[in-house]
Amino acid sequence: MSLFKLPKREKIDKSLHWTTFYSEKFLLAIIGILTLFAAGMDIVGMALRFKVELADLFLLFIYAEIIGMVGAFYISNRIPVTLPIIIAMTALCRLIVLHSKDADPLVLVAEAGAIVLLAGAAYVMSMKDKLSLMKKAEREADDKKLKIKPGFHAPGEKENEEKGVREGFFKS
């Protein structure tokens, strides 16, 4: 028998959750501020050169998407998976514009193929989100029809679910 009783892991996790919450918010605020700073530097550079190129506009668009992603996180506390995919697509478009004159045609085809692949991934992820929201709405409608409160489990359902997790089986 141990002389000292250690707190349960759940209690520790709950007591340390604030560190994750605030550090995430803090780092995203820094990302937002630095993104604005970088965009400002690029805008000043374009003004001093008296020249705006397509690659510059793509870069400003990337900055705007990063700021949008930070804003989306502050509103919903989650980052939609499609936003980083769209940022990657925009960055690849910028690379194509910057290097199209000097690049090997095979490299350009590979970059364009990567954009198509990312576009397909963004489409699949957006459809997954849409289907998940539709299923959630259907479940809520069914629950209202049956007057079931959220979190209700049929007899034996919760035990079976816990047993499945213990045995390594996960519900989809």
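In case you missed it, the structure is sitting above this.
Now for a quick tour of the structure.

About the thresholds
- Residues numbered from 1 in each chain as written.
- Predicted model: local features only at pLDDT ≥ 70, side-chain atom pairs only at ≥ 80, totals over all residues.
- Heavy atoms only, no water.
- Helix = DSSP H or I, 4+ residues; strand = E, 2+ residues; numbered from the N terminus.
- Buried < 20%, exposed > 50% of the residue type's maximum accessible area, 1.4 Å probe, protein only.
- Contact = heavy atoms within 4.5 Å.
- Areas by Shrake-Rupley, 256 points an atom, 1.4 Å probe, with all protein chains shown as cover.
- Axes fitted to C-alpha atoms, helices over the stretch in contact; angles between N-to-C directions.
- Parallel < 35°, antiparallel > 145°, perpendicular 65-115°, else oblique.
- Left-handed = near helix turned anticlockwise from the far one by under 90°.
- Nonpolar A, V, L, I, M, F, W, Y, C, P; charged D, E, K, R; others polar.
- Salt bridge = Lys/Arg side-chain N within 4 Å of Asp/Glu carboxyl O.
- Phe/Tyr/Trp six-rings, centres within 6.5 Å; stacked < 30°, edge-to-face > 60°.
- Lys, Arg positive; Asp, Glu negative; His and termini not counted.
- Patch = residues over 30% accessible without salt bridge, like charges linked within 9 Å, V, L, I, M, F, W, Y side chains within 5 Å.

## Considerations on the overall build of the chain
The secondary structure content of the chain amounts to five helices and zero strands. When the helices and strands of the chain are placed in sequence order, the string is α-α-α-α-α. The 172 residues of the chain split such that 16% are buried. By sequence separation, contacts in the chain at least 24 residues apart represent 59% of the contacts at least 6 residues apart. Element-wise, carbon and sulfur atoms account for 69% of the exposed surface of the chain, whose accessible area totals about 13900 Å².

## Overview of the packing of helix α1 (residues 9-49) against helix α2 (residues 54-76)
Contact geometry for α1 and α2: axes closest at 10 Å, N-to-C directions at 160°. With respect to each other, α1 and α2 are oriented roughly antiparallel. Helix-helix and strand crossings are classified by hand; for α1 and α2 the assignment is left-handed. Residues belonging to the contact of α1 with α2 are distributed by class as follows: 16 nonpolar, two polar and five charged.

## Here's the deal with the pattern of salt bridges
Overall, the coordinates contain two salt bridges when judged by the stated rule. Put simply, D56 and R49 hold a salt bridge, and the shortest N to O gap is 2.9 Å. For D56, a relative accessible area of 13% translates into the label buried. The salt bridge involving E53 is made with K51; its shortest N-O contact spans 3.2 Å.

## Concerning the packing of aromatic side chains
One pair of aromatic rings is described through two measures. These are the centre distance and the angle between the planes. Here the structure, examined in full by the defined rule, presents two aromatic pairs. Summarising the aromatic geometry, the rings of F21 and Y22 are spaced 5.0 Å apart at their centres and angled 85° between planes, so their arrangement reads as edge-to-face. Relative accessible area serves as the criterion here: at 52%, Y22 is assigned to the exposed category. Judged by centre distance (6.4 Å) and plane angle (75°), the ring pair of F73 and Y74 falls under edge-to-face.

## With respect to the side chain of K25
Tracing the sequence through the fold places K25 in helix α1. Buried charged residue K25 carries no salt bridge. Nearest counter-charge: E24, at 6.8 Å. Not counting the four nearest positions on each side in its chain, K25 is found in contact with F73, Y74 and N77.

## Brief notes about the environment of R94
Its location among the elements puts R94 in helix α3 (residues 82-99). Look at R94 and you get partly exposed, because its relative accessible area is 21%. Note: C-alpha distance between R94 and L57 (37 residues apart in sequence) is 8.8 Å. Dropping the residues within four chain positions of it, R94 is found in contact with A55, F58, L59 and I62.

## So, the packing of α2 against α3
It is at 9 Å that the axes of α2 and α3 come closest, and there the two elements cross at 170°. With respect to α3, the axis of α2 lies roughly antiparallel. Residue-level contacts link L54, A55, F58, L59, F61, I62, E65, I66, G68, M69 and A72 of α2 to L83, P84, I86, I87, T90, A91, C93, R94, V97 and L98 of α3. Grouping the constituent residues of the contact of α2 with α3 by class yields 17 nonpolar, two polar and two charged.

## Describing a nonpolar patch on the surface
Taken together, the side chains of F26, L27, I30, L34, F37 and M41 make up a nonpolar region of the molecular surface, amounting to roughly 630 Å² of accessible area. Within the element layout of this structure, L34 appears in helix α1.

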